[in-house]
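Report on the structure
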Amino acid sequence: MMKVATVVNSKGGVGKTTLTANVGAELARRGRRVLLLDLDYQASLTHSLYRPAEIERQIDRRTIADWYMAVGRRGSGPDLMRYVSWPEEVRAHTRRSGGELAIVASAPKLEGVAARLGVELGNPSSRRYQDRHRQVVMRLAEGLRSLRREGFDYVLIDCRPDFEILTRSAIVASEGVVVPAQPERLATFGIRHLTEKLADFKKKNFEILGWSPASENRLEELAPTFLGVVFTRVRHGGGVPGPIPSSQQIIAEVRHLFPTFNAMMRENVDFQAGVDRLLPAAFGLRPDIAAEIQALVDEFESRIGS
Ligand SMILES: Nc1ncnc2c1ncn2[C@@H]1O[C@H](COP(=O)(O)OP(=O)(O)O)[C@@H](O)[C@H]1O
Ligand SMILES: [Mg+2]
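Thresholds, definitions, all that
Residues numbered from 1 in each chain as written. Chains lettered and ligands numbered in written order. Predicted model: local features only at pLDDT ≥ 70, side-chain atom pairs only at ≥ 80, totals over all residues. Helix = DSSP H or I, 4+ residues; strand = E, 2+ residues; numbered from the N terminus. Rg over C-alpha atoms; globule rule 2.2 N^0.38 Å. Contact = placed C-beta atoms within 7 Å. Expected span 1.5 Å × (residues − 1). Near = placed C-beta within 6 Å. Nonpolar A, V, L, I, M, F, W, Y, C, P; charged D, E, K, R; others polar. Pairing = 2+ DSSP bridges. Buried ≥ 20, exposed ≤ 12 C-beta atoms within 10 Å, placed from the backbone. Axes fitted to C-alpha atoms, helices over the stretch in contact; angles between N-to-C directions. Parallel < 35°, antiparallel > 145°, perpendicular 65-115°, else oblique. Left-handed = near helix turned anticlockwise from the far one by under 90°.

So, about the overall build of the protein. When helices and strands are tallied, the protein shows 13 helices and nine strands. For 306 residues, the compact-globule formula gives about 19 Å, and the C-alpha radius of gyration of the protein, at 19 Å, lands near that figure. Oriented by its inertia axes, the alpha-carbon framework of the protein measures out at about 60 × 50 × 30 Å. Within the protein, residue pairs in contact and separated by at least 24 positions form 77% of the contacts whose partners lie at least 6 positions apart.

Further remarks concern helix α13 (residues 287–304). In an α-helix, one full turn covers 3.6 residues, which means residues spaced three or four apart are oriented alike. Given a rise of 1.5 Å per residue, 18 residues ought to cover 26 Å, and the 26 Å separating the end C-alpha atoms of α13 matches this to within 8%. Contacts made by the buried residues of α13 are with α1 (16–29) and β7 (225–231). G305, located one to two residues past α13, shows a positive phi value of around 80 degrees.

Every one of the 16 residues lining ligand 1 counts as a neighbour, but G15, K16, T17, T18 and F271 are closest to it. Those elements that provide at least two residues to the shell around ligand 1 are α1 and α12 (269–277). For the shell around ligand 1, the per-class residue count stands at four nonpolar, nine polar and three charged.

Right, let's get into the pairing of strand β9 (residues 240–243). Two elements, strand β8 (residues 236–237) and β9, share two bridges in a ladder whose sense is antiparallel. In the strand pairing of β9, G237 is matched with V240. Linkage of β8 to β9, two consecutive antiparallel strands, is achieved through a turn of two residues, within which G238 is found at a positive phi near 75 degrees.

The subject of this paragraph is unusual backbone geometry. A positive phi angle, close to 55 degrees, is found at A43, a residue other than glycine. Mapped onto the elements of the fold, A43 is located in the loop between β2 (33–38) and α2 (44–47). Even without being glycine, L186 reaches a positive phi, approximately 80 degrees. Mapped onto the fold, L186 is located in the loop between β6 (176–181) and α10 (187–208).

Of all five residues in strand β5 (residues 154–158), five are buried; the element is thus mostly enclosed. Alternating positions in β5 separate into two faces, Y154, L156 and D158 on one and V155 and I157 on the other, with burial throughout. Here strand β1 (residues 3–7) pairs with β5 via five bridges, running parallel. The residue of β5 that forms the bridge with K3 is Y154.

Close contact between α10 and helix α11 (residues 245–257) brings their axes to 10 Å; oriented N to C, the two are set at 25 degrees. When the interaxial angle is binned, α10 and α11 end up roughly parallel. Pair α10 / α11 crosses with right-handed handedness. Across from A187, T188 and I191 in α10, the residues of α11 making contact are I250, E253, V254 and L257. Here the residues of the contact of α10 with α11 are counted per class, giving five nonpolar, one polar and one charged.

Moving on, we come to the sheet that holds β2. Judged by pairing direction, the sheet is mixed, and its seven strands sit side by side in the order β3-β4-β2-β5-β1-β6-β7 without closing on themselves. The open sheet has two edge strands with one neighbour each: β3 (84–85) and β7. Summarising the sheet, β6 and β7 pair through six bridges and their orientation is parallel. Across the sheet, the residue bridging to A181 is F231, located in β7.

Glancing now at the environment of G98. Counting through the fold element by element, G98 comes out in the loop between α5 (88–94) and β4 (100–104). In this structure G98 comes out as exposed when scored by C-beta crowding, with 11 C-beta atoms within 10 Å. Taking the C-alpha atoms as reference, G98 lies 28 Å from T232; in sequence the two are 134 residues apart.

A few words now on the environment of F283. Mapped onto the fold, F283 is located in the loop between α12 and α13. Taking the C-alpha atoms as reference points, F283 and N22, 261 residues apart in sequence, are found 8.2 Å from one another. Ignoring anything within four residues of it in the chain, the contact list for F283 reads A25, R29 and H93.

So, in structure tokens, the structure goes:
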């Protein structure tokens, strides 16, 4: 069964896009059929898999922005599958395993689409807000539902560093939410803020959909599940094995407070190099770093369930 996961953090530069690309790549390397969905109008994920010329030639009118524009207000329109493309560099690396790494690309025009969706949704105090919320925020979930018969194992959604309408649309379309974070001072503060926002949004959203749980403490049973924090860009060194001492302290603190993946992604130049080569680093990492990504993906698959 297809599982959808969204990668969220209100902070930029923490490694969301890098994690999305590399978890996707590792899943595909082991034979899973993976669809990446780029919901950021800066389109870093798209640009980490395609050259600008290819984007212009192959996917210029098949981005998620184009899908939103084609669906329009009536909420019905072309199948999202028509907006899926298969990056060339990646294909050679997944052929042998039978896996697949496809993408629904993004483009700067998604910014205008997001603004328009906001206008469509209108004011929470308006009488028709509930209906509009259903139509606007659930639109992506419905688009993804149509993909359920296409044989994808996972959809990974990469979001902007915000909690705006597209990010919220991704969350309601998901079975799980992953929160990448850097083990730095204030990490605990940021993660707490985000998890509170997530819980609050989940509650409001399911009330609007009429799915509220019988009691407050059953809220956790409703999708999406908070799969956990993943530490990213973790620096190693400082004369000790593993993360540098100041990071270790923060990691321990966060682990104590929030669901946290055991596996982490370390800071390594290969991840940046992968972006330059249009091939996620996970397709050819040095063994110790590859082992970290493999452990992360093992954990991801077991946390999201199959
Ligand atoms: N584990 C890592 N090691 C080295 N560089 C990384 C790592 N993760 C991310 N980066 C780099 O940091 C920058 C921001 O990462 P990105 O994944 O785009 O963050 P976000 O999507 O959260 O804004 C990029 O230049 C990226 O290549
Ligand atoms: Mg990003």
